[in-house]
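# Summary of structural features
Okay, here's what each chain looks like letter by letter:
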Amino acid sequence: MAGLKEDPFLETNDIIETREGAEIKDAVIDKLGEEGSQGDREMAPPAGNSIHRSGSRPQLDLSKAAIQGNSEDRDPTILLPNQSDDISHLALDIGGSLIKLVYFSRHEDRPINDRRKKTVKERLGVSNGNRRSYPILGGRLHFVKFETRKINECLDFISSKQLHLGGIDSHGWLSETPANCNAVIKATGGGAYKFAELFKERLGVSLDKEDEMDCLVAGANFLLKAIRHEAFTHMEGHKEFVQIDQNDLFPYLLVNIGSGVSMIKVDSDGKFERVSGTNVGGGTYWGLGRLLTKCKSFDELLELSQRGDNRTIDMLVGDIYGGMDYSKIGLSASTIASSFGKAISEKKELEDYRPEDISLSLLRMISYNIGQISYLNALRFGLKRIFFGGFFIRGHAYTMDTISFAVHFWSKGEAQAMFLRHEGFLGALGAFMSYEKHGLDDLMVHQLVERFPMGAPYTGGKIHGPPLGDLNEKISWMEKFVLKGTEITAPVPMAPSGTTGLGGFEVPSSKGGTLRSDASALNVGVLHLVPTLEVFPLLADPKMYEPNTIDLSDHNELEYWFTVLSEHLPDLVDKAVASEGGTDDAKRRGDAFARAFSAHLARLMEEPAAYGKLGLANLLELREECLREFHFVDAYRSIKQRENEASLAVLPDLLMELDSMTEETRLLTLVEGVLAANIFDWGSRACVDLYHKGTIIEIYRMSRNKMQRPWRVDDFDVFKERMLGNPCPHKRALLFVDNSGADIVLGMLPLARELLRRGTEVVLVANSLPALNDVTAMELPDIVAEAAKHCDILRRAAEAGGLLVDAMINTLDGSKENSSSVPLMVVENGCGSPCIDLRQVSSELAAAAKDADLIILEGMGRALHTNFNARFKCDALKLAMVKNQRLAEKLIKGKIYDCVCRYEPAS
Amino acid sequence: MDLRHNEIEGNSEPTQSLGQTSHLALDIGGSLIKVVYFSISRDNCIDREQESSANDTLGFSNGNCKHPILQGRLHFAKFETSKINDCLEFISSKKLHLGGFQHHENPGKNKNFIKATGGGAYKFTELFKENLGIDLDKEDEMDCLVAGANFLLKAVHHEAYTYIDGQKEFVQIDQNDLYPYLLVNIGSGVSMIKVDGDGKFERVSGTNVGGGTFWGLGRLLTKCKSFDELLELSHQGNNRVIDMLVGDIYGGMDYSKIGLLSTTIASSFGKAVSDNKELEDYKPEDVARSLLRMISNNIGQISYLNALRFGLKRIFFGGFFIRGQPYTMDTISVAVHFWSKGEAKAMFLQHEGFLGALGAYVSYAKHSIDDLVCNQSMQLPVSASYTADPNYNPLNGDFNDNESIQCSVYAA
C-alpha cells in the first residue's frame, strides 16, 4: 500500500546481480526492438528458429515437420518460448513498494493442415463450441513484478513488449472496440493515481483506475476457481494444498494484510463487503520494526525474525506462573501472555535487546492478533474459510504459521487459515478481470495449465531473469547463474523476501546458519489458458480423482525420485544433444537444460510444494517441459525411429504366429505380448541397461517367454470372460499407448488388431508432444500405415479411420472394396508427459470417449504412476510391467519385472 | 488473626469470630502487585439494629442477619512487581501479615498465611516465606477476578461507568440483571471472561497485546521510566505524526465506500515506514499516544467481537492498564462504539486494578463462612462511601494507600 515506500529489495548482495540483469535486459530489449521491426512477420515455427540458430542441424526428417505442425496447430498447451506475443493485454497494480503486472499473450492460430486431426474432428464431431458469449482464447497469463521505485524499468518492459498496444490490437480480442489512439490500461493501487501522468507521457496510455477492493476480490475469486492448487494451509511449517470445490467456494473471508488489514466477506462474484479490519498490520510491523531495530527494509526485518527468540522480550505464561502451565484455562507455559511484556520489568534499554528478538516478538504479536480478529469475524458471519493475502505474508513461513496457529488456537481447531500462492497478484489480476470480454469468467480449472519456465519474464527485484522468448540469453544467463555459486540452487521467487516470484532465481544462498527467509516461498508460473482441454468424461468421479498414485509429499519418496531423475540426467542430456546433431549449440543448450532441471529438482527437494501440489506426474512433466524450454523438441527421435523400424520388420511374423492360434490362446498371447513389449522403456533405468544386452526382438521374445501367469495382479480371466464369453463386442476401445518401438508395434497394435477383428472401434490415444520415447499422436499414423502394409485388418480399419488418406502405401492386393471395417483412429491426449492427468485432456480425446466402453491404459506412466487407482464409467484394463523395484514393492508388493493386468468392469 | 487453617481446609464449621476476620490479600501480577487490606474502625462493632436500619433504608433485605458487624475500611495499594521489596516492607511495617489485630487467639498454633492470586503468588512464595514468614495461599486468578468484579458490581453503588468524549457517567447496574456480562481484564496480557453468575464463568478469549505490551514497547521506544510517565506522555502526543490514516492513503478523501473516515487509523505506526526518520526524530509523546491508541483500539475490538459472539450486552473493562486513564478509556470506548456501530458500550470499574486482589480477599470468606451466610454477610458496604485518596499521584511509582472503601464486614 501507499505506506510502504521503503524499498524492500535492498540487500547487500543485490548489486552485482542487478547490474548483470540490467545488461541482459538491455540486450534483450535491443533484440526485441529488432523483432518488433519485423512487423507482422509470419513467424517461423519456434522450433525452426532454434534449429536455424544451431546452424548445423542435419537435414531434417518428416517427423520433424510433423511435430512442428503439431505444435503449431494444436492449442498452445505448451507454447514454445520463441513465439511472439501476437495479442496481449495488460493490467497493473501499482502499490507503494511493488508494481504487479498481469498480462496475457496469445499465439495466433494458424490454418490447420493436419488432415488426421481434421478427419478426427469430423468423425468424432469435435466442435470448438460457441457455448460462451466470448470464447476463451488460448494463450498465456504472465505475472511480473517490478519495484515501484524502478518504475522506468516497468515502463521499458511494457514498451518493449508492446503490451500497452494490446488494448487496441485489432486481432480478435477486443476487436469490437473501435480502434482509437486513446489506449487504456486497467490499473489499481494507490500508484494508479500517482503515476497516471507518467504513463501518459511515456507510453501514451491512460490508466483506467479500478477500485482496489473490487480488484482484490475479483482476483481472489478467479484464482480460487481457476487454479487447482491455489489455496494451502500452513501449520508448523507443513504446507498442504486444499482443493476448493468451485461450487462451494462462497461465502469466505478474505483478509488482506497490507499496511493495515482489511477483512472482506465475499458472498459471490462481485458481491462482497468489508466487514472488519485492523490498524495493526504490515505497516505496524514494518513501522515499529524500523524504529526498534534500524532495519532498512521490510525484508531485512523479516529476515531478522528468523533468528530471533521472542522469549527474551515477551512475557510468557510460564514467566508469570513460574514455569508451570496455567492449564486450567488451557494456556501452556510457552503461550505469550503479554507481547513485549518482559521489556517492562527488566533494567534493559532498547540497545540491550537483540534486533532479531524484537523482530520476532513483533511478528508474532501482529500475526497472532490478525489471526485472532480474522477468526472472530469469520465466526461472526459463519464463514468456513479464511484466506489471507497481502504483502505482509510474502510466503513467509513463520508469519503463516503464526496466523494459522492463532486461528487454530482460537477456533479450537475448527477453522483453518488458508493462503494463496498468487497472493501478491490479487489486485493486478482483478484489474485484468475488469476488462470486459476477456472471457476468463467462464474459464474452468481444467483449462489452465501452469508452467514454470526458467526464464519467466520479469525484471526488477533481486535477480533479473531473461525476458521470455530469447533462448540464447536464457542459456547464457543460466551459465552466468551457475558460475555465481559452487552449487546449483533452486529457482526461487524473484524477490529476496520470497514474495511470490516468477520462476526465476535467487542468488545461491550461502549455506550459513541462517534459515532462508523464503523457506516457504512459492513460485508463480505462467498460466497457460487452453480452452480445448476438458475433463475426461469417463472418469467415474472427477471430483475425487487424483492422478498421482505416489504421494511425493513423503520425503523419502521424493528423495528416491530425485535420485532416479538426477542419475538419469546425463544420459538424457547425451540423447538430447545427439538428437539435435551434437553441435556446439546443442551442447550448450544441453548443459543449460541440465542446470535448469537440476535447479528445479533442488528447489523441489527444498520446498516440495513450491510449484503447487507435487506428484510424480508433475515431476516427469517438468522434465519434458524443461527440455522443450531449451528447444529439445524430441530427444529420442532417432531412437524411436530405429526401434519402430526394427519392430515393424518382425511384425508380419508375429501376426502370422498369432493368426495360427486359437482365439483363447491368442488373447492370452496378445496380453502377454503387451506386457512383454512394455519392457522397452527409456524411462526405466533397468530397461536402459537391458538394451545393451540384446536386440529388440531378442529381448521381446525372451521377455514374452518369461510371462508366466499368474501375474502379480492378474485379472486376465475376468477380461477373457468379457471378451470371449460375451457375444456383444465392445463398441469402442480407447487404447492409451506408451512407448515407441516394440511396445506399440508388437504389443499394442496386435491387440488393437484383435479388437478391430472383433468389431470394436479402436482409438489409439497418444501424446500430443514427445516425452521420452513415448509414441506421439503425430508419429502413429506413419507407424499404422507401415503396419497396414502387412495386414489387411489394420489397413481397412486405418482407411476407415482416415489414417491412410494421404499415406503412400502399397497395398498388398489393391483390393479396396471391403471398406466396411470398423475404424482405427488416432487422437492426441493433450499432454506431453509420460503420465496422464485425466482432468485435463484434449477435446478430441474427450469427444472420442463419448462412445467408448473400454479403456486400455498401458505402461507404467499411465497405468501405474498415474491412474492406477482411477475408476471409470466403462470397462478398464490396466496393463504394465513394473520396471522399478521400489514401485513394485510399494504398489503391488512384488518385485521388478512383475506384471500388472488389472481389469475393472464398468462401475 | 486466626483463620483456623485446618477448618478452612475442611470448609466445615464456620467458627469465625469478629476478630478473626482476615484483612490482607494480594494479587501479584507480572508488572504490579495489588494489595487489598482491611483496617478496622475505632469502634469495632456496630450493633445489629443500626445495621438493620441501614439496610432497610437502602432497601436491602438483609433481615435475618443476626451477626455482629465489623466496620472499617478496605484499602487498596499497588507496587511494581519489580520492586517487590517495597511491598514486603509495606506489609511488614503495617504488620499486615500478622493479621493487623493485636488480639491473636492462637498465635502459635497455625502458620500465618495470606490469600494471594496472580502468577507471582507462585513465583514469590519463597520470598514471602523468607521475609515475612508467611505462606501464600494461592487462589485461582480468574476466580478472584470474577469474584472481585461481582462483588464490586453488586455491592458498590457507583462502581461502573461509561466514558465517552471525556464524560464519565455512572451506570446503575440492576443486581438482578447483571449476568451474563463480559469481563475484560487488562493486565500485562488481557483475559476476556464471560461471567454467568457467582462463581460461574469461563475465560472465552484474551489477547497478548495488553498493558505489558504498552509499557514494554513504550519503554523501548520512549525511555520512560514508569508506566505512568508513559501514560502521561501519551496525553500530550499526537498520533497522526506516526500513524498512517485513511486520509494519508486516499489523499485526504474519506474512503467512504467502506465507511472509513479519513481520520481513521489505517495502520498504526504506518508512517514510520515511509518517513526517513529514526526513532530519535519522533517525539516520545507521539509515539506513546500512537501506542496507546493501537493497544486500546485492539482490545476494544477483540472485546466487542467476543461480546457479540456470546450475545453479551455489557462489557466491563478492568485491570491496571486502564487506571482511570481518560485517554485509554476513551479509545476503548471509541473502538467498541465503532465496531458495534454504536450498539455496545464499554464500561469501566472504579476499582479496575484491584479485581483480583479483592477477589482473593473475598475468598477468605468463601472458605470460612458457609456460602449462604457468606453471600449475605458480604453484601457490603451498605452505606458504601467510596473515597479516593486525594493524595493519589499517578506519577508516583509506588502506590500506597491510594484508595479505600469504607465498609462493614459481617461474620456468621
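Quick caveat, the model's predicted, so the values are computed rather than measured.

Another aspect to go through is the overall build of chain B. Within chain B, the regular secondary structure consists of 14 helices and 16 strands. Expressed as a percentage of its 412 residues, the buried residues of chain B come to 59%. Long-range pairs, those at least 24 residues apart, make up 71% of the contacts in chain B with a sequence separation of at least 6. For chain B, the accessible area works out to roughly 15,800 Å², and carbon and sulfur atoms hold 47% of it.

All names here are of chain A. Pairing is mixed in the open sheet, where seven strands are placed in the order 7-6-14-13-8-9-10. In this open sheet, the two edge strands, each paired with only one partner strand, are strand 7 (238-242) and strand 10 (271-278). For this sheet, the mean angle separating the axes of adjacent strands, direction not counted, is 30 degrees. By the bridge criterion, five bridges tie strand 6 (residues 231-235) to strand 7 in an arrangement that is antiparallel. Across the sheet, Ala231 pairs through a bridge with Val242, a residue of strand 7. The strands touched by helix 14 (residues 397-410) are strand 6, strand 8 (252-257), strand 13 (385-389) and strand 14 (416-420); relative to strand 6, the strand with the most contacts, the crossing angle is about 85 degrees.

All right, on to the packing of aromatic side chains then. Per the stated rule, a full pass over the model turns up 34 aromatic pairs over all chains. Here Tyr179(B) and Tyr181(B) contribute two aromatic rings whose centre-to-centre distance is 6.0 Å and whose plane-to-plane angle is 20 degrees, an arrangement assigned as stacked. Assessed through its relative accessible area of 22%, Tyr179(B) is described here as partly exposed. A residue is classified by how much of its surface remains accessible, and Tyr181(B), at 0% relative accessible area, is buried. A connected cluster of aromatic rings, assembled from ring pairs, spans Phe232(A), Phe241(A), Phe388(A) and Phe419(A). Taking NZ or CZ as reference, Arg709(A) lies 5.6 Å from the ring centre of Trp711(A), over its face. Directly above the ring of Phe868(A) sits Arg902(A), whose terminal nitrogen or CZ lies 4.0 Å from the centroid.

Once that is clear, we can look at the confidence of the model for chain A. Detailed conclusions should not be drawn from predicted coordinates in areas where pLDDT is low. Residues and elements named next belong to chain A. In the predicted model, chain A carries a mean pLDDT of 75, and 71% of its residues have values of at least 70. Within chain A, helix 3 (residues 62-73) has the poorest average pLDDT of any element, 29, and strand 18 (residues 732-736) the best, 97. Across residues 127-136, confidence stays below pLDDT 50; counting only partners more than four residues off in sequence or on other chains, it has 12 contacts. Residue range residues 167-180 is modelled with pLDDT below 50. Its contacts to residues more than four positions away, or to other chains, number 22 contacts.

Residue and element names in this part refer to chain A. Within helix 7 (residues 196-203) the residues assigned to the buried category are Ala196, Phe199 and Leu203. In a view along the axis of helix 7, the buried residues occupy a sector of 70 degrees, so they form one face of it. Exposed residues pointing more than 90 degrees away from the buried face of helix 7 are listed as Glu197 and Glu201. Note on helix 7: the residue one or two positions beyond its end, Gly204, has a positive phi of about 70 degrees.

This next bit is on the environment of Thr278(A). Along the chain, Thr278(A) falls in strand 10. Excluding anything up to four places from it in sequence, Thr278(A) contacts Gly260(A), Val261(A), Met263(A), Asn369(A), Ile370(A), Ile373(A), Ala266(B), Asn298(B) and Gln301(B). Engagement of the side chain of Thr278(A) in a polar contact is seen with the backbone nitrogen of Val280(A), the distance being 2.9 Å.

The interface of chain A with chain B comprises 67 residues on the first partner and 66 residues on the second. Contact with chain B buries surface across chain A, with Asn279(A), Leu291(A) and Ile344(A) losing the most and accounting together for 13% of the total. There are six salt bridges connecting chain A and chain B. Arg219(B) is the salt-bridge partner of Glu349(A), the closest N and O atoms lying 3.6 Å from each other. Seen at the junction of chain A and chain B, the total is 18 residue pairs in polar contact (both at pLDDT 80 or more).

Let us look at the side chain of Ser367(A). When you line up the elements, Ser367(A) lands in helix 13 (residues 355-380). When sequence neighbours within four positions are dropped, the list of residues in contact with Ser367(A) reads Phe392(A), Thr399(A), Thr402(A) and Ile403(A).

This brings us to the pairing of strand 21 (residues 854-858) of chain A. All names here are of chain A. Counting buried residues in strand 21 gives five out of five residues, a clear majority hidden from the surface. The alternating pattern of strand 21 places Leu854, Ile856 and Glu858 and Ile855 and Leu857 on opposite faces, both of which are buried. As judged from the four bridges shared by strand 18 and strand 21, these two strands associate in the parallel manner. When the sheet's bridge partners are listed, Phe736 is paired in strand 21 with Leu857. Remark: the strand 21/helix 29 (residues 860-865)/strand 22 (residues 875-881) crossover connection has right-handed handedness.

Turning next to the side chain of Thr669(A). One can find Thr669(A) in helix 21 (residues 663-677). With residues up to four places along the chain from it excluded, the contact list for Thr669(A) reads Leu658(A), Met661(A) and Arg704(A).

Glancing now at the nonpolar core. Phe388(A), Leu221(B) and Phe317(B) are the most contacted members of the largest nonpolar core, which totals 107 residues. Beyond its immediate chain neighbours, meaning those up to four positions away, Leu221(B) contacts Leu288(A), Leu291(A), Leu292(A), Phe269(B), Leu279(B), Val287(B) and Leu291(B). Residues Leu538(A), Cys626(A), Cys831(A) and Leu838(A) belong to the second largest nonpolar core, which totals 72 residues.

This part takes up the pattern of salt bridges. Residues and elements named next belong to chain A. All told, the structure shown has 59 salt bridges over all chains when counted by the stated rule. Arg722 serves as the salt-bridge partner of Asp875, at 3.5 Å between the closest nitrogen and oxygen. Here Arg722 lies in helix 24 (residues 716-725) and Asp875 lies in strand 22, a separation of 153 residues in the sequence. Residue class for Asp875 comes out buried when judged on its relative accessible area of 10%.

Turning our eyes to something else, we now look at the packing of helix 3 (residues 84-94) of chain B against helix 5 (residues 125-132) of chain B. Relative orientation and spacing of two packed helices are given, respectively, by the angle between their axes and the distance between those axes. Residues and elements named next belong to chain B. Following both chains from N to C, one finds helix 3 and helix 5 inclined at 40 degrees, their axes separated by 11 Å at the closest point. Considering the angle they form, helix 3 stands oblique to helix 5. Where helix 3 crosses over helix 5, the two elements pack in a sense that is right-handed. Contact residues: helix 3 offers Ile84, Leu88, Ile91 and Ser92, while helix 5 offers Leu127, Phe128, Asn131 and Leu132. A class-by-class count of the residues in the contact of helix 3 with helix 5 yields six nonpolar, two polar and no charged.

The periodicity of an α-helix, 3.6 residues per turn, causes residues three or four places apart in sequence to face the same way. Residue and element names in this part refer to chain A. The buried fraction of helix 5 (residues 151-160) amounts to seven of the 10 residues, a majority that puts the element mostly inside the structure. For helix 5, the complete set of buried residues consists of Ile151, Glu153, Cys154, Leu155, Phe157, Ile158 and Ser160. Once helix 5 finishes, Gln162 follows within two positions and takes phi at roughly 55 degrees, a positive value.

Before going further, it helps to examine the pairing of strand 19 (residues 761-766) of chain A. Residue and element names in this part refer to chain A. A large share of strand 19 lies buried, amounting to six of its six residues. Every second residue of strand 19 is oriented toward a common face, with Glu761, Val763 and Val765 on one face and Val762, Leu764 and Ala766 on the other, all of them buried. Looking at chain direction, strand 18 and strand 19 are connected through five bridges and run parallel. The partner of Leu735 across the bridge, within strand 19, is Leu764. Read as a crossover between parallel neighbours, the route from strand 18 over helix 25 (residues 742-757) to strand 19 is right-handed.

Definitions and cut-offs
Note that residues are indexed from 1 along each chain, following the sequence as it is written. Starting at A for chains and at 1 for ligands, labels are handed out in the order in which the entities are written. With pLDDT at 70 or above as the cut-off, local features in this predicted model cover only qualifying residues; side-chain atom pairs require 80 or more to be listed or tallied, and sums for whole chains, interfaces and linings still use all residues. Excluded from the side-chain calculations are hydrogens and water; all other atoms, namely the structure's heavy atoms, are used. Note on conventions: DSSP H or I runs of at least 4 residues are helices, E runs of at least 2 residues are strands, and numbering of each starts at the N terminus. When accessible area is computed with a 1.4 Å probe and restricted to protein chains, residues below 20% of their type maximum are described as buried, those above 50% as exposed, and intermediate ones as partly exposed. Contacts are assigned to residue pairs with any non-hydrogen atoms lying within 4.5 Å of each other. Every accessible area reported is derived by Shrake-Rupley at a probe size of 1.4 Å, with residue values counting cover from the shown protein chains alone. One bridge is not enough; two strands pair if DSSP finds at least two bridges between them. Angles shown run from 0 to 180 degrees and are taken between the N-to-C directions of axes, each axis being a line fitted to C-alpha atoms and, for helices, limited to the stretch in contact. Stacked, edge-to-face and tilted are the three classes for Phe, Tyr and Trp ring pairs, Trp counted by its six-membered ring, which pair at centre distances within 6.5 Å; planes under 30 degrees apart are stacked, over 60 edge-to-face, the rest tilted. Two conditions define a charge located above a ring, namely a distance within 6 Å from the ring centre to NZ of Lys or CZ of Arg, and an angle within 35 degrees of the ring normal. The predictor reports its confidence for every residue as pLDDT, a score running from 0 up to 100. What the arc covers is the set of directions going from the helix axis to the C-beta atoms. Nitrogen and oxygen atoms within 3.5 Å of one another constitute a polar contact, given that in protein one can donate a hydrogen and the other can accept it, and given that sequence-neighbouring residues count only through two side-chain atoms. A 1.4 Å probe defines the accessible area here, and the buried area is the portion of it lost by two parts on being joined, summed over both. We define a salt bridge as a contact between a side-chain nitrogen of Lys or Arg and a carboxyl oxygen of Asp or Glu at a distance within 4 Å. A clockwise path from the first strand over the helix to the second, with the strands pointing away from the viewer, defines a right-handed crossover. Throughout this description, the term nonpolar core refers to a set of buried Ala, Val, Leu, Ile, Met, Phe, Trp, Tyr and Cys residues connected via side-chain atoms within 4.5 Å. Every angle not falling under 35 degrees, over 145, or within 65 to 115 is termed oblique; those three ranges are roughly parallel, roughly antiparallel and roughly perpendicular. Crossing handedness is read from the near helix: turned anticlockwise from the far helix by less than a right angle, it gives a left-handed crossing, and turned clockwise, a right-handed one. In this count, Pro and Cys sit with the nonpolar residues alongside Ala, Val, Leu, Ile, Met, Phe, Trp and Tyr, while Asp, Glu, Lys and Arg are called charged and the others, Gly among them, polar.

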